[in-house]
Amino acid sequence: MSDVKNEKIEEFLNNLESPSPTPGGGAAAALTGAMAASLVKMVVNLTKTNSALLKTCGERAKSLKVMLLELADEDCRAFDEVIAAYRSKDKEGIKKSLQKAISVPGKTMLLSNEVLRLAKIVLKKGNKNTLSDAKSAIYLAQAAIRSADENVKINQQSLAALT
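Residues numbered from 1 in each chain as written. Predicted model: local features only at pLDDT ≥ 70, side-chain atom pairs only at ≥ 80, totals over all residues. Heavy atoms only, no water.

## A word on a positive patch on the surface
Threshold: For patches, a residue must show more than 30% relative accessible area and have no salt bridge; joins then use 9 Å for like charges and 5 Å for nonpolar side chains, namely Val, Leu, Ile, Met, Phe, Trp and Tyr. To measure how exposed things are, a 1.4 Å probe is used in the Shrake-Rupley method; for residues, cover is taken only from the protein chains shown. The rule for a salt bridge is simple: a side-chain nitrogen of Lys or Arg has to be within 4 Å of a carboxyl oxygen of Asp or Glu. Think of it this way: Lys and Arg go in the positive column, Asp and Glu in the negative one, and His and the chain ends go nowhere. Charge coordinates come from a single atom per side chain, which is NZ of Lys, CZ of Arg, CG of Asp or CD of Glu. Numbering goes from the N terminus for both helices and strands, where a helix is a DSSP run of H or I of at least four residues and a strand is a run of E of at least two. Whether a residue is buried, partly exposed or exposed follows from its accessible area with a 1.4 Å probe, protein chains only, as a fraction of its type maximum: under 20%, in between, or over 50%, in that order.
Taken together, Lys-120, Lys-124, Lys-125 and Lys-128 make up a surface patch of like positive charges. Locating Lys-125 in the fold gives a position in helix H4 (residues 91-125). Lys-125 sits in the exposed class, given a relative accessible area of 51%.

Next up, the structure:
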């Protein structure tokens, strides 16, 4: 079982490249969304302003980071449940586990979309010296959304094949 939020970066990457199915693309998507949120917060922290909008963006980005890190771990648990259900050959258990494996990256997509919205705000309103950081937040959020979407699609296909 992976503990993504408490792993060192190298440890996570070593686990990601291992022959174990978790962590996988779903956890990587959530972690990527969390990195995007951290960059949004960084841009806000480096912008000298009394803007309530930017302060709100920074606070929300920090909470999104925490939620996305939780989703990285939740994704590992969800896919571990899928594997266990397939091994048990319990069709209802497989369906239930696949539904969870669809739900978790779906949440990653929603939260990463919110990070993307915040990144676009800080791109316009933040310190101009952090332009590349704001753009990186945008690109990472987009990558998180697309990667999570691929996980949703593959699990939806597996679920559809059971009915």
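Next comes the rest of the write-up.
## Looking at the environment of Asp-149
Mapped onto the secondary structure, Asp-149 falls in helix H5 (residues 131-162). When the C-alpha positions of Asp-149 and Ile-83 are compared, they lie 20 Å apart, and in sequence the two are 66 residues distant.

## Observations regarding the environment of Leu-54
Our working definition: When checking whether two residues touch, look at their non-hydrogen atoms; a contact exists if any pair is within 4.5 Å.
Its place among the elements puts Leu-54 in helix H3 (residues 52-88). Spatially, the C-alpha atom of Leu-54 lies 7.5 Å from that of Lys-125, the residues being 71 residues apart in sequence. Excluding residues that lie within four positions of it along the chain, Leu-54 makes contacts with Val-44, Thr-47, Thr-49, Val-122, Lys-125 and Gly-126.

## Notes on the packing of helix H2 (residues 25-45) against H4
The angle between the axes and the distance between the axes are what describe a pair of packed helices. Our working definition: In this description, a line fitted to the C-alpha atoms serves as the axis of each element, helices being fitted only across the stretch in contact, and the angle between N-to-C directions of two axes falls anywhere from 0 to 180 degrees. An angle below 35 degrees is treated as roughly parallel, one above 145 as roughly antiparallel, one from 65 to 115 as roughly perpendicular, and anything else as oblique. Handedness of each helix crossing follows the sense of rotation of the near helix against the far helix: counterclockwise by less than a right angle gives left-handed, clockwise gives right-handed. Three residue categories are used. Nonpolar comprises Ala, Val, Leu, Ile, Met, Phe, Trp, Tyr, Cys and Pro, charged comprises Asp, Glu, Lys and Arg, and polar comprises the others, including Gly.
The N-to-C vectors of H2 and H4 enclose an angle of 25°; their axes lie 9 Å apart at closest approach. The angle between the axes of H2 and H4 places the two elements in the roughly parallel class. Note on packing geometry: the crossing formed by H2 with H4 is left-handed. Together, Ala-29, Ala-30, Gly-33, Ala-36, Ala-37, Val-40, Val-43 and Val-44 of H2 and Thr-108, Ser-112, Val-115, Leu-118, Ala-119 and Val-122 of H4 make up the contact between the two elements. Taken together, the residues that form the contact of H2 with H4 break down as eleven nonpolar, three polar and no charged.

## Section: the packing of H3 against H4
Where H3 contacts H4, the axes come no closer than 8 Å and their chain directions differ by 160°. In this view, H3 runs roughly antiparallel relative to H4, as classed from their interaxial angle. Where H3 crosses over H4, the handedness of that crossing is left-handed.

## Section: a nonpolar patch on the surface
Residues Ile-9, Leu-13 and Leu-16 make up a contiguous nonpolar surface patch of roughly 290 Å² in combined accessible area. Among the structural elements, Leu-13 can be located in helix H1 (residues 9-17). Assessed through its relative accessible area of 44%, Leu-13 is described here as partly exposed.

## Description of the pattern of salt bridges
A pair can form between side chains of opposite charge whenever their charged atoms are brought close. As enumerated under the stated definition, the model contains eight salt bridges in all. Among the salt bridges present, the one from Glu-74 reaches Lys-107, with a minimum N-O distance of 3.7 Å. With a gap of 33 residues between them, Glu-74 in helix H3 and Lys-107 in helix H4 connect regions that are remote in the sequence. Take Lys-107: its relative accessible area is 37%, and that puts it in the partly exposed class.

## Observations concerning the nonpolar core
What counts, and what does not: Residues belong to a common nonpolar core when they are buried Ala, Val, Leu, Ile, Met, Phe, Trp, Tyr or Cys residues joined through side-chain atoms within 4.5 Å.
Val-4, Val-40, Val-115 and Val-122 are the most contacted members of the largest nonpolar core, which has 35 residues in total. Setting aside chain neighbours within four positions, we find Val-122 in contact with Val-40, Val-43, Val-44, Leu-54, Cys-57 and Ala-134. Listed in part, the twelve residues of the second largest apolar core include Ala-29, Leu-98, Leu-159 and Leu-162.

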